[in-house]
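# Structural features, examined
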Amino acid sequence: MTPAEAAEQAVIAPGSNPLRSGRDSRLTRIPGPNGLVLFGVTGDLARKKLLPAVYDLANRGLLPPGFALTGFGRRDWSDDEFAEFVRESVEQHARTPFREPVWEHLRVGIRFVQGDFDDDAAFDRLAETIDQLDSERGTMGNHAFYLSIPPKSFQTVTSQLKRSGLAVPGENQWRRVVIEKPFGHDLDSARELNDTVESVFPADSVFRIDHYLGKETVQNILAMRFANSLWEPIWNANYIDHVQITMAEDIGVGGRAGYYDGVGAARDVIQNHLLQLFALTAMEEPVSFDADDLRNEKEKVLQATRLPDDISTGVARGQYDSGWQGGEKVTGFVDEEGMNPESHTETYAALKLFVNTRRWAGVPFYLRTGKRLGRRVTEIAVVFKRASQYLFDSSSTSAMGENALVIRVQPNEGISIRFGSKVPGPAMNVRDVTMDFGYGHAFTEESPEAYERLILDVLLGDPPLFPRQREVELSWKILDPVEEHWASLDEAPEQYEPGSWGPKSADELLARDGRHWRRP
Amino acid sequence: MRRELTNTTTSKVAKLLDEIRDEGGAVALGRVLTLLIHTQLGVEEEAIAAANEASREHPMRVVVVSRNKDDVRAEEDARLDAEIRVGGDAGASEVVVLRCYGEIGSQLEGIVQGLLLPDAPIVAWWPTFMPSDPGHAQLGQIAHRRITDAAAQREGCEAITRLADAYRPGDTDLSWTRLTNWRAHLAAMLDQPPFQPVTSAVVRGDTASPSVQLMAAWLRARLHVDVELSEPADDLPVGSSGLSQIVLHREGGENSITRIEESTGLMQQTGQPDHRVALSRRGLRDQLNEELRRLDADDMYREVLEEYARTQKEFA
């Protein structure tokens, strides 16, 4: 017996299970018995992502036998009608194949509670349903409440959960609440929202979902940076010229026009997804992957992040115009149905950030996001300084750009490296070539959807992939001055061609520094 | 696409592989491992089919080495025939079948050496016969991971004893793989309240099945309790692992998992409603997939082998 084995006692207690061992890599952790209560079941997110993700987890054997799914909504549905709705969404959108036995098993734990958020009786019925599930399905008093609803209803729902006694777990039980962005629209509103939620649930029972953190490619940033020795020596201002982080969509606001007006690209995407990608790229090595250590490092780098002194030189915004995009006539942003034609809301936002640490002294991070851009792509491009080229004629390296490391978050998940290579032939001509790693090549197993991972982590009570309130507040502190600057301007945002890569002012933002945007 | 080469050499095979790649279609990019399958002439196909399917999860190069019989001094002219399969005939992998006749079969390492992917880990798999000491066997020596199947041997339990004696890091056996579902359900039971100690356990199943023996050894090693082995009730199915039922006696009552249908188990716990759980029959492809997922040494398997060997000695 090795010392490690001797240290493991056959004691059965919460958190101590002799049948599990760190040396037993075959057994995956599955959550204990629990129920998931979903508010906002008929929404797009629930239909296309959440319900299919629950099925996919069941299909992969990652849900416990004692699992229940309860929908809460206004529709006048029976349990069976709701189950039919779940089945349809699973059949249409699930990643893994539909299997009748898996579905049957899930089906017996599906319930529906009809009611409005301000209806006391409905929440009493919900409490009864959950009680019944505990005895019929053996969910053992463990329940997660997923609020897939607009933030303005958080107050009502959380206080209803409190009133009906659903927010407080008994001994050896847990209650958790899951909330989705937007976490407010500025620092003050984010705090207000948080006070609402944390007045009912303790901070460590609140799971804030940023679905980007559930993506394999995003988690791989940590593996790539910290499991390899290749990058760390050059991951600093000595070698890196600048970093570009892009999240582009080729679609417009469409049916979300009403929601989008007054929010804009920066609040919708930069405050959460892009600043998370930024933090993972720029942070120092955490002591461990435990939630606290990981979040501490992310918070440290967000805290050290600064906008340029003159904000007007470090930001750009735009609105997409009407025009032809990829063979299709598209409507301009202000002409979208239900949109205020005078709207100053931006559909494109770019900004320049600096990190006040020794590692990043003087290295700009350019973040951009927009709708109706050239194509749908999210990537992080780390652009290195040009090597001194005295060995080569200027003509022989003219076709060569800077070395770059590109992390493709989606689509075509992978990493590519661009560097110069000799063109075959008698002359010493150097041209850019690309070395490519594609997830689809090296790991043909399909990556799980982000929501599968995140829902599983909620049920396991594993918090590292969920931002804390402090992270949310720090990111608003970065963004608020930009929003204030834009709000102080009289002129409307610059228009840009649909299908282009954004307004001219965004190109000028980089041109002022002698740089240019990559074409992703 | 299939290409055959008769009376050939490894370097000719390697060259043809390169040519096929240049012509386009089959890309070697991103292959993560080389799987060496050591088997016998005529029975290659089942293993190749499983490997092809497993390659959807693990893109790999599969090298199948088959010989007439173990005795390489057989009166037979030395000859190497090869077959290359790529594209639709090979899933996401590329398959090289090397048929070794006569004395060629005594130098297997030299035969496969030129076909190993640079740097990538090597997995050796004996789907049929099993060397008594995998770590020192031909092909086993150069492999990072060695997969045997005690259940495919005539005396499964004796095979386990031999594996325990010869264990080297990287060894694994499919009769252990077949237990993972059962083990996961058992572990999940102990994750939950009431957290009462287990006082003894019963494992019911085909006692000649190595999986059943390993399950008992695992429970003994982890729970430090007596484990009783017995034959299953007649009317219950046993599945690929040979297991029928496991009962954990605890202070407050009894926990059990019983296979009630071919791919369904019934989980019974005190204070909880009965649950039906999936105990799907796992094909060779699934088992191989699980094995290829991790290429480091399986410490728990070693611990369980040791426990099995220890109790065998006590009985003897």
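Residues numbered from 1 in each chain as written. Chains lettered and ligands numbered in written order. Predicted model: local features only at pLDDT ≥ 70, side-chain atom pairs only at ≥ 80, totals over all residues. Heavy atoms only, no water.

Put simply, the test is: UniProt positions are given in the numbering used here, feature names are shortened, and annotations may be inferred rather than shown by experiment.
As recorded by an unreviewed UniProt entry, chain A carries the name Glucose-6-phosphate 1-dehydrogenase and is attributed to Agrococcus casei LMG 22410. In its Catalytic activity (unreviewed entry) section, UniProt records this for chain A: "D-glucose 6-phosphate + NADP(+) = 6-phospho-D-glucono-1,5-lactone + NADPH + H(+)". Under the UniProt heading Function (unreviewed entry), the entry covering chain A gives this text: "Catalyzes the oxidation of glucose 6-phosphate to 6-phosphogluconolactone."

## Points about the UniProt feature "domain: Glucose-6-phosphate dehydrogenase NAD-binding" (unreviewed entry) in chain A
Put simply, the rule is: Helix and strand assignments come from DSSP, with helices taken as H or I runs of at least 4 residues and strands as E runs of at least 2, each series counted from the N terminus.
The sites that UniProt annotates as "domain: Glucose-6-phosphate dehydrogenase NAD-binding" (unreviewed entry) are residues 37–220 of chain A. Structurally, residues 37–220 of chain A comprises 45% helix and 16% strand, and the distance from its first C-alpha atom to its last is 31 Å.

## A word on the pairing of strand 10 (residues 226–230) of chain B
Residues and elements named next belong to chain B. What counts, and what does not: Pairing between strands is defined by DSSP: at least two bridges between the two strands are required. By convention, orient the strands away from the viewer: a clockwise path from the first strand over the helix to the second makes the crossover right-handed.
Judged from the five bridges that link them, strand 9 (residues 198–205) and strand 10 form a sheet pairing that is parallel. Each bridged residue has a counterpart across the sheet, and for V202 the counterpart in strand 10 is E228. On the question of chirality, the crossover connecting strand 9 to the parallel strand 10 by way of helix 7 (residues 210–223) is right-handed.

## Details of the domain arrangement of chain B
Rules: Note that domain bounds follow an automatic or database assignment of domains.
Per the domain assignment, the segments of chain B are domain 1 (2–148) and domain 2 (176–278). Spacing between the C-alpha centres of domain 1 of chain B and domain 2 of chain B amounts to 38 Å.

## Describing the environment of A:S500
Residues and elements named next belong to chain A. Note the cut-off: Note on definitions: a residue-residue contact is assigned when non-hydrogen atoms from the two residues lie within 4.5 Å. We call two N or O atoms a polar contact when they sit within 3.5 Å, provided that within protein one can donate a hydrogen and the other can accept it, with sequence-adjacent residues counted only if both atoms are side-chain atoms.
Among the structural elements, S500 can be located in the loop between strand 18 (494–496) and helix 15 (504–511). Separated by 125 residues in the primary sequence, S500 and R375 place their C-alpha atoms 8.8 Å from one another. The residues contacting S500, other than those within four sequence positions of it, are R372, L373 and G374. Within the local environment of S500, its side chain forms a polar contact with the backbone nitrogen of G502, the two atoms lying 3.3 Å apart.

## Quick look at the environment of A:R137
Threshold: Residue exposure (1.4 Å probe, protein chains only): buried if accessible area is under 20% of the type maximum, exposed if over 50%, otherwise partly exposed.
As for its position among the elements, A:R137 is in the loop between helix 5 (120–136) and strand 4 (143–147). Note on A:R137: relative accessible area 10%, which makes it buried. The sequence separation of A:R137 and A:S205 amounts to 68 residues, and the corresponding C-alpha distance is 23 Å. Contact partners of A:R137, with chain neighbours within four places excluded, come to A:P65, A:G66, A:F67, A:H105, A:V108, A:G109, A:R111, A:Q132, B:P273 and B:H275. A polar atom in the side chain of A:R137 sits 3.1 Å from the backbone oxygen of A:P65.

## As for the side chain of B:D81
Residue and element names in this part refer to chain B. Here D81 shows up in strand 4 (residues 79–85). Separated by 2.6 Å, the side chains of D81 and R79 make a polar contact. Those residues in contact with D81, other than ones at most four positions away along the chain, are L5, T6, N7, T8, V97, L98, R99 and Y101.

## A word on the nonpolar core
Our working definition: The definition of a nonpolar core used throughout is a set of buried Ala, Val, Leu, Ile, Met, Phe, Trp, Tyr and Cys residues joined through side-chain atoms within 4.5 Å.
Of all hydrophobic cores here, the largest spans 146 residues; its most connected members are A:F39, A:L126, A:F278 and A:F365. Looking at this core element by element, the count peaks at eleven residues for helix 10 (residues 264–282) of chain A. Here this core spans two domains, and each of domain 1 (3–180) and domain 2 (214–511) of chain A adds at least three residues to it. Membership of the second largest hydrophobic core comes to 46 residues, among which are B:A150, B:A184, B:A201 and B:W218.

## Looking at the sheet that holds strand 7 (residues 145–148) of chain B
Residue and element names in this part refer to chain B. Basically, it comes down to this: Axis definition: a line fit to C-alpha positions, over the contact stretch in the case of helices; interaxial angles, taken between N-to-C directions, run 0 to 180 degrees.
Taken in spatial order, the eight strands line up as 1-4-5-3-2-6-7-8 in an open sheet, and their pairing is mixed. Two strands in the sheet have a free side with no partner beyond their single neighbour: strand 1 (2–5) and strand 8 (171–173). Sheet twist, expressed as the average angle between the axes of neighbouring strands with direction ignored, equals 15 degrees. Relative to strand 5 (residues 94–101), strand 4 runs antiparallel, the two sharing seven bridges.

## Examining the packing of helix 2 (residues 44–59) of chain A against helix 13 (residues 450–460) of chain A
Residue and element names in this part refer to chain A. Where we set the bar: Should an angle fall under 35 degrees it is called roughly parallel, over 145 degrees roughly antiparallel, and 65 to 115 degrees roughly perpendicular, with every other angle called oblique. Crossings are sorted by hand: turned counterclockwise from the far helix by less than a right angle, the near helix makes the crossing left-handed, and turned clockwise it makes it right-handed.
Closest axis-to-axis distance for the helix 2/helix 13 pair is 9 Å, and the angle between their directions is 65 degrees. Classified by the interaxial angle, the pair formed by helix 2 and helix 13 is roughly perpendicular. The way helix 2 lies across helix 13 gives a crossing that is right-handed. Across the interface between the two elements, L45, K49, L50, A53, V54, D56 and L57 from helix 2 touch Y451, E452, I455 and L456 from helix 13.

## Describing the domain arrangement of chain A
All names here are of chain A. Note the following rule: When two parts are brought into contact, each loses some accessible area as probed by a 1.4 Å sphere; the total of that loss over both is the buried area. Salt bridges are identified by distance alone: a Lys or Arg side-chain nitrogen within 4 Å of an Asp or Glu carboxyl oxygen. Note on residue categories: nonpolar means Ala, Val, Leu, Ile, Met, Phe, Trp, Tyr, Cys or Pro, charged means Asp, Glu, Lys or Arg, and polar means any other residue, Gly included.
The domain boundaries assigned to chain A delineate domain 1 (3–180) and domain 2 (214–511). Its C-alpha centre places domain 1 at a distance of 34 Å from the equivalent point of domain 2. Of the roughly 1600 Å² buried at the junction of domain 1 and domain 2 (both faces included), carbon and sulfur atoms supply 66%. The largest contributions to the domain 1 side of the interface with domain 2 come from R29, L57 and R95, which together make up 34% of the buried area. Here domain 1 and domain 2 share three salt bridges between them. Across the salt bridge formed by E449 and K49, the nearest N and O atoms sit 3.6 Å from each other. Where the side of domain 1 that touches domain 2 is concerned, the elements lending two or more residues are strand 1 (34–39), helix 2, strand 4 and strand 5 (175–180). Residue composition of the side of domain 1 that touches domain 2, grouped by class: 15 nonpolar, one polar and seven charged.

## Observations concerning the sheet that holds strand 6 (residues 206–209) of chain A
Residue and element names in this part refer to chain A. With parallel pairing, the six strands of this open sheet are ordered in space as 3-2-1-4-5-6. Strands with a single pairing partner mark the edges of an open sheet, and in this sheet they are strand 3 (110–114) and strand 6. In this sheet, adjacent strand axes meet at a mean angle of 20 degrees when their direction is disregarded. With five bridges connecting them, strand 4 and strand 5 associate as parallel partners. Within strand 5, the residue paired with L147 across the bridge is I179. Taken strand by strand, helix 3 (residues 79–93) contacts strand 2 (67–73) and strand 3, and its axis lies near 115 degrees from that of strand 3.

## A look at helix 14 (residues 469–487) of chain A
Residue and element names in this part refer to chain A. Going by this rule: A helix is expected to span 1.5 Å multiplied by its residue count minus one. The angle between axes fitted to the seven-residue stretch ending at a residue and the seven-residue stretch beginning at it gives the bend at that residue.
Look at helix 14: 25 Å from first C-alpha to last across 19 residues, which is about the 27 Å you get at 1.5 Å a residue. Of all the bends found along helix 14, the most pronounced is centred on L479 and spans about 35 degrees, while P481, a proline, follows it within four residues. Burial runs high along helix 14: 14 of the 19 residues are buried.

## Details of helix 4 (residues 156–166) of chain B
When we look at burial in helix 4 of chain B, the residues that qualify are B:G156, B:C157, B:A159, B:I160, B:L163, B:A164 and B:A166. Packing partners of the buried residues in helix 4 of chain B comprise strand 7, strand 8, helix 5 (174–177), helix 7 and helix 9 (299–315) of chain B.

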